[in-house]
Amino acid sequence: METVKEKENSPQKSTALKITGAEAIIHCLLAEGVDLLYGYPGGAIMPVYDELYKFQDKLTHILTRHEQGATHAAQGYARVTGKVGVAMATSGPGATNLVTGLADAQIDSTPMVCITGQVPRHLLGSDAFQETDIIGISTPVTKWNYQITKASEIAEIMAKAFYIAKAGRPGPVLIDITKNAQFEEFEFSYEPCKGVRSYNPVPKPDTKTIAAAAELINSAKRPYIIWGQGVILGKAETQLKAFVEKTGIPAAWTILGASALDTDHPLNVGMVGMHGNYGPNVLTNECDLLIAIGMRFDDRVTGNLDTYAKQAKIIHLEIDPAEINKNVKVDLAVLGDSKETLGLLLPLVNENTHVAWHNEFKKKYKEEFEQVIKNDIHPTKKGLTMGEVIEEINLASKNKAVIVTDVGQHQMIACRYAKFKQSKSNITSGGLGTMGFALPAAIGAKMGAMEREVVAVIGDGGYQMTIQELGVIFQHQIPVKIVVLNNDHLGMVRQWQELFFDKRYASTVMVNPDFVKIAEGYHIEAKRVSERKDLKARVQEMIASDKPYFLEVKVEKEDNVFPMIPSGASVSDIRLK
């Protein structure tokens, strides 16, 4: 890419605009196709907001009620659209309030560009009002960050920011802009970034490795696929389906990989992980070949690494070389974009069915259904369960909703029982486990896919961490559906206290406010359900509404999520009760 200096000395200089740095930021966003961003103004970013005011017909800004809400909304937008989400804040506390969202986006590979204002260049390092070293603070939780101190840097750095955020394995980028750079005038011209020196975001697949992988797959008797979000990020859903159907290999998913393959597809055997399905976890340690596609062997998936799939050959299809052998030593690493590598593998693999091996998964599912699933979604107990609420949402939405979850018991139940027919339908905080994620993320998801039903499923604890974002829903009349599964506890922590801390329920009981009245205070239609006879009608009413809708469901206080792999245990030690 040309440098700014080269552009200024080129014959095209006469076509450049002489504008302020603040206006240049807006032109950069428009050049990158941004039409929506989330943020919160303040002194150090005010010049950019002043220019934003002039471009309201081209660029929609949503004022969130907290900067963390801006990042999660940008994440939700990015996850449902595949585009780069954008958030903006002022210096000091405004910038530091972005850090949780940056960390969440970094570990979940979400493309996001955050723009922060900063004190003028001459005040840097002086402990000026609302000065914080956001570059130093955000370095561990961003894919890249940079501080702009003069206007002439803006075009090149902004182009680079968007390229890095979306190239290869996506992630968050933070650009900090001093106030003097926002006021300075310069000759502006913009060229999108097409590459960064020494950065190879997509490794080129090796044909010999592809052939070796095909040979292992064709000779395996009990092969098993676990796919992750890399399939969705790589837009490889069609290739995954073709690969699974041709080889007949049972395939399971991590929570971030959910919805890449239809939930009801006969070769989709369920979810792996701490609260995943029984068969997919246990049979990990009985397969002879494990094919990992776009997943990173997170500890919640593997359990005890000393006992994880030791009997199997392992093939890892991965775009990020840093993930190879990081947690699990593999026999064959197939580097590259999942869409390309699966496409190259497809003609080399044999058609197969693996009927006997599939029957093993069916047997394990039958055990799990009798001991867990049946009681979760068709309970005989008096109190309502989280599972039956998710099942009613499935039925009312015909399995077409985008389900956005927070973190806790409700998250695991929703991931276990939500059914999907379309990719990019399961949006959750996977790696960081951020309580407060769901409400603002659902706002972003709905604004990114207005044609789709978006349902936020939240626990009573996480809901109160970002409850103020109801103001955004009210102000802009965003037709998000909010379901709070209220058990008056921090449910997942309480479950661990019951099972592993002799029922010492330290600081997990919640004395909650009247959630319905709070929603009504924001002029959002709100209902409460506490009896089974009312559940179906209320869920159907919520889904049928074309306006924002809040539904509180009072569920069993001491319901636990099973199956469960105890912390540090083997996937073979998963408990059904």
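The numbering scheme is per chain: residues are counted from 1 as the chain's sequence reads. Residue-level local features of this predicted model are given only where pLDDT is at least 70; pairs of side-chain atoms are given and counted only at 80 or more, and the full residue set underlies all totals for whole chains, interfaces and linings. In computing side-chain values, all of the structure's heavy atoms are included and hydrogens and water are not.

Observations regarding the sheet that holds strand β14 (residues 332-335)
- By definition, two strands form a pair when at least two bridges between them are found by DSSP. Only DSSP runs of H or I covering at least 4 residues are called helices, and only runs of E covering at least 2 are called strands; the numbering of each starts at the N terminus. Reading across from one edge, β11-β10-β9-β12-β13-β14 is the order of the six strands in this open sheet, with parallel pairing throughout. Bordering the open sheet on either side are β11 (268-271) and β14, each of which pairs with just one other strand. Direction aside, neighbouring strands of the sheet carry axes that sit 20 degrees apart on average.
- Of the strand pairs in this sheet, strand β9 (residues 223-227) and strand β10 (residues 251-253) are connected by three bridges, and their pairing is parallel. Each residue of the ladder has a partner; that of Trp227, found in β10, is Trp253.
- Sheet strands in contact with helix α15 (residues 338-345) are β12 (289-293), β13 (313-318) and β14, and its direction is about 130 degrees off that of β13. Helix axes use the C-alpha atoms of the stretch in contact, all axes being lines fitted to C-alpha atoms, and the angles between their N-to-C directions lie in the range 0 to 180 degrees. The contact definition used throughout considers only heavy atoms, calling two residues in contact when any of these lie within 4.5 Å.

Remarks on the packing of helix α17 (residues 386-397) against helix α24 (residues 532-544)
- One can describe the packing of α17 onto α24 by two numbers: an axis separation of 9 Å at closest approach and a directional angle of 40 degrees. Looking at the two axes, α17 sits oblique to α24. Crossing hand, α17 versus α24: right-handed. Contact with α17, carried on its side by Glu388, Val389, Glu392, Ile393, Leu395, Ala396 and Ser397, involves Arg532, Leu535, Lys536, Val539, Gln540 and Ile543 of α24 and no other residues of that element.
- Note that Gly is not counted as nonpolar here; it falls among the polar residues with everything else outside the nonpolar set of Ala, Val, Leu, Ile, Met, Phe, Trp, Tyr, Cys and Pro and the charged set of Asp, Glu, Lys and Arg. Per-class residue counts for the contact of α17 with α24 are seven nonpolar, two polar and four charged. For classification purposes, angles smaller than 35 degrees are called roughly parallel, those larger than 145 roughly antiparallel, those between 65 and 115 roughly perpendicular, and all remaining angles oblique. Note on convention: near helix rotated counterclockwise from far helix by under a right angle means a left-handed crossing. Clockwise means right-handed.

Description of α24
- With 13 residues, α24 ought to run about 18 Å at 1.5 Å a step, and its terminal C-alpha atoms sit 19 Å apart, in line with that.
- Tucked inside the fold, the buried residues of α24 contact α17, β17 (454-459), β18 (481-486), β19 (525-529) and β20 (549-554). An expected span of 1.5 Å times one less than the residue number is assigned to each helix.

Notes on the pattern of salt bridges
- When a carboxyl oxygen of Asp or Glu is within 4 Å of a side-chain nitrogen of Lys or Arg, the pair counts as a salt bridge. Scanning all chains against the criterion turns up 24 salt bridges.
- Measuring nitrogen to oxygen at the nearest pair gives 2.8 Å for the salt bridge that ties Lys481 to Glu453. A residue pair is termed long-range when its members are at least 10 positions apart, and Lys481 in strand β18 and Glu453 in the loop between α19 (438-448) and β17 qualify at 28 residues.

Structural notes on the domain arrangement of the chain
- The assigned domain composition of the chain is domain 1 (17-188), domain 2 (207-361) and domain 3 (378-554).
- Averaged C-alpha coordinates put domain 2 and domain 3 at centres separated by 31 Å.
- On the side of domain 3, 20 residues touch domain 2, which itself brings 17 residues to the contact.
- Between domain 2 and domain 3 lies a buried interface of about 1500 Å² when both sides are counted; carbon and sulfur atoms form 55% of it.
- Looking at the side of domain 2 facing domain 3, the largest losses of area belong to Ile255, Ser259 and His275, adding up to 38% of the total buried there.
- In this assembly, domain 2 and domain 3 are joined by zero salt bridges.
- As used in this structure description, the phrase polar contact means that two N or O atoms lie within 3.5 Å; if the pair is within protein, one of them must be able to donate a hydrogen and the other to accept it, and residues adjacent in sequence are counted only when both atoms belong to side chains. Between the two partners, domain 2 and domain 3, sit seven residue pairs in polar contact (both at pLDDT 80 or more).
- A class-by-class count of the residues in the side of domain 2 that touches domain 3 yields eight nonpolar, five polar and four charged. By convention here, the domain bounds are inherited from an automatic or database domain assignment. Buried area is understood as the total, over both parts, of accessible area removed when two parts are fitted together, assessed with a 1.4 Å probe.

What about the sheet that holds strand β15 (residues 402-405)?
- What the six strands build is an open sheet, ordered β16-β15-β17-β18-β20-β19; its pairing is parallel. Here the strands that pair on one side only, and so sit at the sheet edges, are β16 (426-427) and β19.
- The sheet contact formed by β17 and β18 spans five bridges and is parallel. What sits directly across from Gly459, in β18, is Leu485.
- Set on the sheet, α19 makes contact with β15, β16, β17 and β18; between it and β17 the angle comes to about 175 degrees.

Comments concerning α15
- Only protein chains enter the calculation, and the probe is 1.4 Å; a residue is then buried if its accessible area is under 20% of its type maximum, exposed if over 50%, and partly exposed in between. Where α15 is concerned, the buried positions are Ser338, Thr341, Leu342 and Leu345. Taken around the axis of α15, the buried residues stretch over an arc of 95 degrees, which confines them to a single face.
- On the buried face of α15, the contacting elements are α10 (207-219), α11 (230-233), α12 (237-247), β12, β13 and β14.
- Two or three places before Lys339, at the opening of α15, Asp337 has a side-chain oxygen 3.1 Å from that residue's backbone nitrogen. In this description, one arc is meant: the one made by directions from the helix axis to the C-beta atoms.

Some words on the pairing of β14
- Residues Leu332 and Val334 of β14 are buried on one face, while the alternating residues Ala333 and Leu335, pointing to the opposite face, are not.
- Direction of pairing for β13 relative to β14: parallel, over a ladder of four bridges. Paired with Leu317 across the bridge in β14 is Val334.

Considering the side chain of Asn285
- Inspection of the secondary structure assignment puts Asn285 in the loop between α13 (278-282) and β12.
- Owing to a relative accessible area of 16%, Asn285 belongs among the buried residues under this scheme.
- A distance of 2.8 Å separates polar atoms of two side chains, one belonging to Asn285 and the other to Ser572.
- If we skip the residues at most four places from it in the chain, Asn285 touches Thr307, Tyr308, Ala309, Gln311, Ser570, Val571 and Ser572.

Overview of the packing of aromatic side chains
- Aromatic pairs are defined between Phe, Tyr and Trp rings, using the six-membered ring for Trp, whenever the two ring centres lie within 6.5 Å; interplanar angles under 30 degrees are classed as stacked, those over 60 as edge-to-face, and all others as tilted. The full count for this structure, using the stated rule, is 11 aromatic pairs.
- Centre to centre, the rings of Tyr224 and Phe361 are 5.4 Å apart; their planes meet at 50 degrees, and the pair counts as tilted. Separated by 137 residues along the polypeptide, Tyr224 in strand β9 and Phe361 in helix α16 (residues 355-377) bring together distant segments of the chain.
- Given the relative accessible area of 0%, Tyr224 is considered buried.
- A ring pair is formed by Tyr463 and Phe515, whose centres lie 5.5 Å apart and whose planes are at 75 degrees; its orientation type is edge-to-face.

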